[in-house]
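Observations on the model geometry
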Amino acid sequence: MGSLDTNPMAFSALPNDKAAFEPLNPEDVRAYLHKAVDFISDYYTNVESMPVLPNVKPGYLQDELSASPTSEAMLVTLVAARDAALRRSGSVGVADLPRLTVYAADQTHSTFFKACRLAGFDPANIRSIPTGSETDYGLDPTKLLEIMQADTDAGLVPTYVCATVGTTSSNAVDPVGAVADVAALFNVWVHVDAAYAGSACICPEFRHHLDGVERVDSISMSPHKWLLTCLDCTCLYVRDAHRLSDSLETNPEYLKNDATDSGEVTDLKDMQVGVGRRFRGLKLWMVMRTYGTAKLQEHIRSDVAMAKMFEDFVRADDRFEVVVPRNFALVCFRIKATGAMTEEDADEANRVLMENLNKTGKAYLAHTVVGDRFVLRFAVGSSLQEERHVRSAWDLIKKTTSSIMD
Ligand SMILES: Cc1ncc(COP(=O)(O)O)c(C=O)c1O
């Protein structure tokens with residue numbers, strides 16, 4: 001059973017027991033919340049006797065983990081890459097901005113394209129590179145090379161490439177190492193968006209999806225997606241944090257303080273858009289302390305095993321097909337076009353299946369469009385999900401399919 005360790009001396013190292021993953025017990029949750037309420041009440045009762053400033057030294061929270069929302073992670077790296085490219089081109093202002101160009105596969109999350117616009121890139125210079133089934137919807141490095149070369153020949157300045165490990169739509173994986181190799185030819189910033197699948201990489205058997213990551217400039221992953229941390233919490237790792245502060249540092253008089261002047265603290269305000277920030281890292285740290293490495297790995301592995309079980313059910317039923325090979329805990333499947341059924345008929349059947357199933361209130365399927373086809377997405381990810389839920393969802397899918405096809 002996962003449990004919160006309230007002994008502060010125990011907070012210095014992650015437990016690494018071999019126990020299987022089990023979600024928190026509801027009675028434990030009740031007890032922890034009572035403790036939290038008591039803590040807050042006591043604080044208000046005693047606040048007048050407390051020092052106005054906490055008596056702590058820089059570094060006392062060494063284990064704190066930092067975080068910011070995903071789109072901001074992309075935005076700050078885009079701004080840093082933009083400024084680095086402008087400096088390289090010798091531009092004194094933003095005169096060269098219209099020539100800077102960014103690249104990502106068409107499966108990249110929409111926040112990337114939003115962040116590009118916020119960072120001031122000309123929408124005409126945002127390249128969305130088409131993907132297809134031949135690369136399982138991952139970015140094709142040969143196409144990337146061709147497009148970057150053509151842009152360079154046309155006088156544009158390639159600046160930033162975003163590779164995704166585990167796309168939202170189908171969990172496709174862009175080949176990080178090959179993308180980094182192409183990007184190196186043009187001296188551009190490579191960012192890896194591992195918002196969802198980054199969590200899987202706490203297990204050694206999934207880490208190959210990040211091969212080549214040692215050659216990229218930044219990577220973000222969001223524990224709120226698949227690491228039992230509630231919204232929102234995104235970790236951004238940057239090869240050289242100075243490249244963020246070179247673009248984002250501000251030093252107004254009213255923010256000056258001894259801790260900053262001493263150089264002993266990392267001023268996160270210089271690496272983000274806003275100045276203030278919530279202590280999101282604390283949530284993640286509590287999750288890591290509560291479950292420990294072994295149980296978190298087990299959480300990922302059991303989700304993947306349940307998704308694999310669902311995938312096997314789909315493959316064993318002639319009426320269905322798995323549309324994209326499963327990489328993690330998402331299964332993309334659909335009723336396939338058989339007999340007189342056209343692909344368009346099958347699209348419609350899948351849409352009706354999804355609507356009817358979701359109306360039952362017993363399971364929820366989301367959809368996507370992959371390769372122009374309407375595809376259903378079965379995702380395993382909740383901490384309370386068990387094999388019996390997956391089995392009953394599959395039974396419901398079969399029953400609902402029979403009711404619309406027979
Ligand atoms: C791969 C990927 N990147 C980025 C995002 C955006 O994340 P957020 O909504 O936390 O900003 C998502 C959300 O699903 C995602 O799957």
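Residue numbers run consecutively from 1 along every chain, following the written order of its sequence. Totals for whole chains, interfaces and linings use every residue, but because this is a predicted model, local features are given only for residues with pLDDT of at least 70 and side-chain atom pairs only at 80 or more, for both listing and counting. Hydrogens and water molecules were not included; the side-chain quantities draw on all heavy atoms of the structure.

Turning our attention to the sheet that holds strand β7 (residues 320-322). By definition, two strands form a pair when at least two bridges between them are found by DSSP. Helix and strand definitions follow DSSP, with helices as H or I runs of at least four residues and strands as E runs of at least two, each counted in order from the N terminus. Spatially, four strands are ordered β7-β8-β10-β9 in an open sheet, and the strand pairing comes out antiparallel. Among the strands making up the open sheet, the edge pair consists of β7 and β9 (366-370). Ignoring which end each strand starts from, the neighbouring axes of this sheet average 40° apart. Note: β7 against strand β8 (residues 330-335), three bridges, orientation antiparallel. Within the sheet, the bridge partner assigned to E321 lies in β8 and is R334. For helices, the fitted axis covers only the stretch in contact; all axes are lines through C-alpha atoms, and the angles between them, taken along N-to-C directions, range from 0 to 180 degrees.

Examined at the domain level, the chain breaks down into domain 1 (70-278) and domain 2 (293-405). Computed from C-alpha atoms alone, the centre-to-centre distance between domain 1 and domain 2 is 31 Å. Taken together, the contact pairs 22 residues of domain 1 with 22 residues of domain 2. Accessible-area loss on putting two parts together, using a 1.4 Å probe and summing over both, is the definition of buried area adopted here. In total, domain 1 and domain 2 occlude about 1900 Å² of area from one another, counting both sides; carbon and sulfur atoms represent 66% of this. Each salt bridge in this description consists of a side-chain nitrogen of Lys or Arg and a carboxyl oxygen of Asp or Glu lying within 4 Å of one another. Remark: the boundary between domain 1 and domain 2 carries one salt bridge. Notably, a salt bridge pairs E205 with R301, separated by 2.5 Å at the nearest N-O pair. Split into classes, the residues belonging to the side of domain 1 that touches domain 2 amount to 13 nonpolar, seven polar and two charged. Domain start and stop positions are those given by an automatic or database domain assignment. Contacts were defined at the residue level, with two residues in contact if any of their heavy atoms lie within 4.5 Å. Polar here means any residue other than Ala, Val, Leu, Ile, Met, Phe, Trp, Tyr, Cys and Pro, which are nonpolar, and Asp, Glu, Lys and Arg, which are charged; Gly is therefore polar.

For the rest of this paragraph, the subject is the state of the cysteines. Two cysteine sulfurs form a disulfide in these notes if their separation is within 2.5 Å. Following the criterion strictly, the structure yields zero disulfides and no others. C162 forms no disulfide, and the closest cysteine sulfur to it belongs to C116, at a distance of 8.2 Å. Judged by its relative accessible area of 0%, C162 is buried. Exposure is judged per residue with a 1.4 Å probe applied to protein chains only, and the accessible area is read against the type maximum: over 50% gives exposed, under 20% gives buried, and values in between give partly exposed.

In spatial order, the strands read β2-β1-β3-β4-β5-β6; together these six strands make up an open sheet with mixed pairing. Looking at strand neighbours, the two that pair on one side only are β2 (126-129) and β6 (235-238), the edges of this open sheet. Strand-to-strand twist in this sheet, taken as the mean axis angle between neighbours without regard to direction, amounts to 15°. Both strand β1 (residues 100-105) and strand β3 (residues 157-164) contribute to a ladder of five bridges, which runs parallel. Note that in β3 the partner of V102 across the bridge is Y160. Relative to β1, helix α3 (residues 110-118) is tilted by about 175°, and along the sheet it contacts β1, β2 and β3.

Once that is clear, we can look at the packing of helix α10 (residues 343-359) against helix α11 (residues 387-405). Relative to each other, α10 and α11 sit at 125°, their axes nearing to 10 Å. When the axes of α10 and α11 are compared, the pair comes out oblique. For α10 against α11, the interelement crossing comes out right-handed. For the pair formed by α10 and α11, the contact residues are A349, V352, L353, N356 and L357 on the first element and L396, I397, T400, T401 and I404 on the second. Its residues placed into classes, the contact of α10 with α11 shows seven nonpolar, three polar and no charged. What sets the label is the angle itself: under 35 degrees gives roughly parallel, over 145 gives roughly antiparallel, 65 to 115 gives roughly perpendicular, and the rest give oblique. In a left-handed crossing the near helix is turned counterclockwise from the far helix by less than a right angle, and in a right-handed crossing that turn is clockwise.

Relative to the assigned elements, T108 resides in the loop between β1 and α3. Look at T108 and you get buried, because its relative accessible area is 7%. We define a polar contact as two N or O atoms separated by no more than 3.5 Å, with the added condition that, inside protein, one atom must be a possible hydrogen donor and the other a possible acceptor, whereas residues neighbouring each other in sequence contribute only through side-chain atom pairs. Only 2.6 Å separates the side chain of T108 from the backbone oxygen of A105, close enough to count as a polar contact. Dropping the residues within four chain positions of it, T108 is found in contact with F113, C162 and T164.

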